[in-house]
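A structural walkthrough
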Amino acid sequence: MSVSSPVVVVTGANGLVGAAVCRALAERSAQVRAVVRRPGTAPVLDGVTEHVGDAADALGGADAVVTTVHPMGSDRDEQHRVGVEGTARLARAARDAGVARLVHVSTAGVYDRSAGLGDLAEDAALLPEGSGDYPDTKNAADVALAEVGGLTTVLVRPPAIAGAAGTSVWNTLRPQAFVDGDRSVNPVKSWSWVHVEDLAAMLADLAVGAVATSDDPEQGPVPGGTTPVLVAGEPAIWGDYLGAVGEAVGITPEWTDEPVWTGQLVTDRARRWGWAPRVGLDRALAELRQGLARS
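In this report, the structure presented in the accompanying data block is examined. (Residues numbered from 1 in each chain as written. Predicted model: local features only at pLDDT ≥ 70, side-chain atom pairs only at ≥ 80, totals over all residues. Heavy atoms only, no water.)

On to the pattern of salt bridges, then. In the structure shown here, the tally under the stated rule is 13 salt bridges. A salt bridge links D136 to R76; the shortest N-O distance between them is 2.9 Å. Here R76 lies in helix α2 (residues 76–96) and D136 lies in helix α3 (residues 133–146), a separation of 60 residues in the sequence. Linking E78 and R81 is a salt bridge whose minimum nitrogen-to-oxygen distance equals 2.9 Å. Residue E78 and its partner R81 are located together in helix α2, separated by three residues, close to a single helical turn. Owing to a relative accessible area of 27%, E78 belongs among the partly exposed residues under this scheme. In the salt-bridge network here, residues are joined through shared partners; they are R76, E129, D133 and D136. (Salt bridge = Lys/Arg side-chain N within 4 Å of Asp/Glu carboxyl O. Helix = DSSP H or I, 4+ residues; strand = E, 2+ residues; numbered from the N terminus. Buried < 20%, exposed > 50% of the residue type's maximum accessible area, 1.4 Å probe, protein only.)

In structure tokens form, the structure reads like this:
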């Protein structure tokens, strides 16, 4: 991998995560090929070049690829076509083009977080097939990537992604569902989250090679293998999240008392790799409230 100015391809570069990754890579003096579907939607930054169309066409001479695309909310066939088949196809093309590393945005949503289970690390039980279109297809994408040999692949698994944005699941879509009537939850249920800036920092560090590989996954990504890693911010509960949403929109949440998961995502592996979250819950919830107040 190039040391002075690595070349990194970022898919979904106009999305919440993709745009943040482009910014983080630019801060690390990388040359970024920002892949988008519509012209004029990539971040305008020094070192960032917009590429419209197929990401595979942008791979020549690249050192790393960061994949952020998954059509969450689409029907299952679309999620499988884009999130599973498309991601695996890109990984094979990256390998064939001589790309050294692929960094994939997976999700902590692939893990079983049933009531009564404790803290979860990377080796925790995954949800079984049939748990839902999103976890099923995200799990399938991870499996498909693991089957692509000759490439060092990192599956970065974030929980809820916080951060100011025009449109995002947790800052706009979930609050709208709350307004529309989906307001019931046990307030002590764990709300695992990470700020998009902290997630992007991990993705960028992996892409530019700031995190060294290791035969021990606890010390770094396994060279030529597929290594999952969890990232999460400080502990929080749904009472914190929906409480902030309710305060911002002037609606009281409907608290319940059914059994729920109250464990935490263990981020020891990520921290051993040199990562630590910098954005605290207070700032994340303040951004949430401000965004909802403007909408």
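What the rule picks out here adds up to six aromatic pairs. Centroid distance W238 to Y241: 5.6 Å. Interplanar angle 90°. Geometry classified as edge-to-face. In this pair, W238 and Y241 are both assigned in helix α6 (residues 238–249), three residues apart and thus about one turn of the helix distant. Classification of Y241 as buried rests on a relative accessible area of 1%. Linked through ring pairs, W170, W191, W193, W238 and Y241 together constitute an aromatic cluster. (Phe/Tyr/Trp six-rings, centres within 6.5 Å; stacked < 30°, edge-to-face > 60°.)

Its place among the elements puts H195 in strand β9 (residues 193–195). A polar atom in the side chain of H195 sits 3.0 Å from the backbone nitrogen of E197. A polar side-chain atom of H195 sits 2.8 Å from a polar atom in the side chain of E287. (Polar contact = N/O pair within 3.5 Å; in protein donor to acceptor, adjacent residues only side chain to side chain.)

Another aspect to go through is the environment of D215. Within the secondary structure, D215 sits in the loop between α5 (196–207) and β10 (226–230). Here the alpha-carbon distance between D215 and G225, two residues 10 residues apart in the chain, equals 9.3 Å. Apart from residues lying up to four places away in sequence, D215 is in contact with V222 and P223. (Contact = heavy atoms within 4.5 Å.)

The biggest cluster of nonpolar side chains holds 39 residues, and the ones touching the most others in it are V10, L25, V156, M202 and L203. Within the residue set of this core, elements represented by two or more residues are β1 (7–11), α1 (16–27), β2 (31–36), β4 (64–67), β5 (101–105), β6 (152–157) and α5. Sorting elements by how many residues they give to this core places α5 first, with eight residues. Other than its neighbours up to four places away in sequence, L25 contacts V8, V10, A30, V32, A204, A207 and V208. (Core = buried A, V, L, I, M, F, W, Y, C linked by side-chain atoms within 4.5 Å.)

Residues separated by three or four positions in an α-helix point in the same direction, a consequence of the helix having 3.6 residues per turn. Over its 12 residues, α1 runs 17 Å from end to end, which matches the ideal 16 Å to within 8%, given 1.5 Å per residue. Within α1, the full set of buried residues consists of L16, V17, G18, A19, A20, V21, C22, A24 and L25. Positive backbone phi, approximately 60°, marks S29, located one or two places after α1. (Expected span 1.5 Å × (residues − 1).)

Here the focus is unusual backbone geometry. Positive phi outside glycine occurs at S29, with the angle close to 60°. Looking at where S29 falls in the secondary structure, it is placed in the loop between α1 and β2. Under the relative-accessibility criterion, S29 is labelled partly exposed at 45%.

Spatial strand order, β3-β2-β1-β4-β5-β6-β10: seven strands in an open sheet with parallel pairing. Because the sheet does not close on itself, it has two edges, and the strands there are β3 (48–52) and β10. Shown here is a sheet whose adjacent strand axes are inclined to one another by a mean of 20°, direction ignored. Where β1 lies against β4, three bridges are found, and the strand directions are parallel. Looking at the pairing, V9 lines up with V65 of β4. Its contacts with the sheet put α3 on β5, β6 and β10, and the angle it makes with β5 is roughly 170°. (Pairing = 2+ DSSP bridges. Axes fitted to C-alpha atoms, helices over the stretch in contact; angles between N-to-C directions.)

Our focus in this paragraph is the environment of A19. Tracing the chain through its elements places A19 in helix α1. According to the relative accessible area criterion, A19 is buried, its value standing at 12%. Ignoring anything within four residues of it in the chain, the contact list for A19 reads G12, A13 and P43.

This part is about the packing of α6 against helix α8 (residues 281–294). Contact geometry of α6 with α8 gives a least axis separation of 9 Å together with a crossing angle of 30°. If you check the angle between α6 and α8, you find them roughly parallel. Between α6 and α8 lies a crossing whose hand is right-handed. Along its contact with α6, which presents D240, Y241, A244, V245, E247, A248 and V249, the element α8 presents L281, L285, L288, R289 and L292. Considered class by class, the residues forming the contact of α6 with α8 number nine nonpolar, no polar and three charged. (Parallel < 35°, antiparallel > 145°, perpendicular 65-115°, else oblique. Left-handed = near helix turned anticlockwise from the far one by under 90°. Nonpolar A, V, L, I, M, F, W, Y, C, P; charged D, E, K, R; others polar.)

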